[in-house]
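Summary of structural features
Residues per chain are reported as follows:
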2 protein chains.
Amino acid sequence: MSETRADVELDFGDDGLIPAVAQDADTGEILMLAYATREAVDRTRETDRAHYYSRSRDELWEKGASSGHVQHVEEILVDCDGDAIVYRIEQEGGACHTGFDSCFHRTIDGEIIGEKVFDPESVYE
Amino acid sequence: MSETRADVELDFGDDGLIPAVAQDADTGEILMLAYATREAVDRTRETDRAHYYSRSRDELWEKGASSGHVQHVEEILVDCDGDAIVYRIEQEGGACHTGFDSCFHRTIDGEIIGEKVFDPESVYE
């Protein structure tokens, strides 16, 4: 995790972004899906903390930089085509800005299956 | 899983696609990431078999229709923004066309961590 260049070739597509899935390294739970640039992947490898690219804010984004809910990256996996990655992480606090442990805390039928682990009003001002 | 319309609103973006992560419902292993259209999600809910949209072939794609490696969908999860989904599945055969159980069978350093579960030459002619 100390190198700044990927040894496996990554395909960042036409928009320079690759989907990155954050997965709890211990439980296997899928916590969130966001997008990463080459710079975000490099910063993740340099720091072992998950970095993404915020499409709404149009900037490099270290998860937890403001909330404290950082993601310690144990391993990065790459798929067969090189156009998707998985960050296997240890999550501090909760991954979702709504206070749930995972952004995927509901089914398509609307049933809540996730666990609320923090009060978003006390974290995001 | 019998309804044809999602109860949770999904955001298919400008291109009509939503990223869909297939996860082994038993082990939590992430098997693949592909894209789904509204039609693919509807077909998945109608049949309980994972459907995606093939961007390369530009068509609706039932996973395993030719290989037999179908994905039985137990549950569909939606993230907080409604712009990513998880198919929690039981995989027949292997998810990856290269013969591995998962498309995410290697680390970014190039180390192979996945398990080869079938010979692709005997499946894809």
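Computed from a prediction, not measured in an experiment: that's the story for all the values here. (Residues numbered from 1 in each chain as written. Chains lettered and ligands numbered in written order. Predicted model: local features only at pLDDT ≥ 70, side-chain atom pairs only at ≥ 80, totals over all residues. Heavy atoms only, no water.)

1. Some remarks on the interface of chain B and chain A
Every contact between the two is made by 39 residues of chain B and, on the other side, 39 residues of chain A. When chain B packs against chain A, the two sides together hide about 3100 Å² of surface, and 64% of this comes from carbon and sulfur. Three residues stand out in chain B for area buried against chain A, namely Phe104(B), Arg106(B) and Ile108(B), and they jointly supply 24% of the buried area on that side. Connecting chain B to chain A are four salt bridges. Residue Arg45(A) pairs with Asp109(B) through a salt bridge whose shortest N-O separation is 2.5 Å. Linking chain B with chain A are 16 residue pairs in polar contact (both at pLDDT 80 or more), by the criterion used here. (Contact = heavy atoms within 4.5 Å. Buried area = accessible area lost by both parts, 1.4 Å probe. Salt bridge = Lys/Arg side-chain N within 4 Å of Asp/Glu carboxyl O. Polar contact = N/O pair within 3.5 Å; in protein donor to acceptor, adjacent residues only side chain to side chain.)

2. Quick notes on the pairing of strand 3 (residues 51-54) of chain B
All names here are of chain B. Judged from the four bridges that link them, strand 3 and strand 4 (residues 59-62) form a sheet pairing that is antiparallel. Within the sheet, the bridge partner assigned to serine 54 lies in strand 4 and is glutamate 59. Counting the residues between successive antiparallel strands, the hairpin from strand 3 to strand 4 contains four residues, one of them, aspartate 58, with a positive phi of roughly 60°. (Pairing = 2+ DSSP bridges. Helix = DSSP H or I, 4+ residues; strand = E, 2+ residues; numbered from the N terminus.)

3. With respect to the relation of the copies chain B and chain A
With an axial shift of 0.0 Å and an RMSD of 0.0 Å, the rotation relating chain B to chain A amounts to 180°. Read as a symmetry element, the transformation amounts to a two-fold axis. When C-alpha distances to the rotation axis are compared across chain B, the minimum falls at Gly28(B), with a value of 2.4 Å. Interface overlap between copies: 100% of the residues of chain B at the interface are likewise at the interface in chain A, consistent with a symmetric, same-surface contact. (Least-squares fit on C-alpha atoms with pLDDT ≥ 70 in both.)

4. What about the sheet that holds strand 1 (residues 18-24) of chain A?
Taken in spatial order, the five strands make up an open sheet running 2(A)-1(A)-6(A)-5(A)-7(B), and their pairing is mixed. The open sheet has two edge strands with one neighbour each: strand 2 (30-36) of chain A together with strand 7 (106-107) of chain B. Both strand 5 (residues 71-78) of chain A and strand 7 of chain B contribute to a ladder of two bridges, which runs antiparallel. Paired with Leu77(A) across the bridge in strand 7 of chain B is Thr107(B). With respect to the sheet, helix 1 (residues 38-47) of chain A is in contact with strand 2, strand 5 and strand 6 (85-91) of chain A, its orientation differing from that of strand 6 of chain A by roughly 40°. (Axes fitted to C-alpha atoms, helices over the stretch in contact; angles between N-to-C directions.)

5. Side note on the sheet that holds strand 1 (residues 18-24) of chain B
Read from one edge of the open sheet, five strands run 7(A)-5(B)-6(B)-1(B)-2(B), paired in mixed fashion. One side of each edge strand has no neighbouring strand; the edge strands of this open sheet are strand 7 (106-107) of chain A together with strand 2 (30-36) of chain B. Relative to strand 6 (residues 85-91) of chain B, strand 1 of chain B runs parallel, the two sharing five bridges. Note that in strand 6 of chain B the partner of Ala22(B) across the bridge is Tyr87(B). Against the sheet, helix 1 (residues 38-47) of chain B makes contact with strand 2, strand 5 (71-78) and strand 6 of chain B, and its axis sits at roughly 40° relative to strand 6 of chain B, the strand it touches most.

6. Section: the UniProt feature "domain: Phosphoribosyl-AMP cyclohydrolase" (unreviewed entry) in chain A
According to UniProt, the feature "domain: Phosphoribosyl-AMP cyclohydrolase" (unreviewed entry) maps to residues 32-105 of chain A in the numbering used here. For the annotated span residues 32-105 of chain A, helix accounts for 14% and strand for 38% of the residues, and the straight-line distance between the end C-alpha atoms is 10 Å. (UniProt positions renumbered as here; feature names shortened; annotations may be inferred.)

7. Focus: the pattern of salt bridges
Side-chain pairs of opposite charge can arise whenever the charged atoms involved come near each other. All names here are of chain B. Using the criterion set out here, one finds 12 salt bridges over all chains in the structure. A salt bridge links arginine 43 to glutamate 46; its shortest N-O distance comes to 3.1 Å. Taken together, the residues span about one helical turn, with arginine 43 and glutamate 46 both in helix 1 at a distance of three residues. Between glutamate 59 and arginine 57 there is a salt bridge, with the nearest N and O atoms lying 3.1 Å from each other.

8. Brief notes about a negative patch on the surface
Together, Glu9(A), Asp11(A), Asp14(A), Asp15(A) and Asp81(A) give the surface a local cluster of negative charge. As for its placement among the helices and strands, Asp81(A) is situated in the loop between strand 5 and strand 6. (Patch = residues over 30% accessible without salt bridge, like charges linked within 9 Å, V, L, I, M, F, W, Y side chains within 5 Å. Areas by Shrake-Rupley, 256 points an atom, 1.4 Å probe, with all protein chains shown as cover. Lys, Arg positive; Asp, Glu negative; His and termini not counted. Charge placed at Lys NZ, Arg CZ, Asp CG, Glu CD.)

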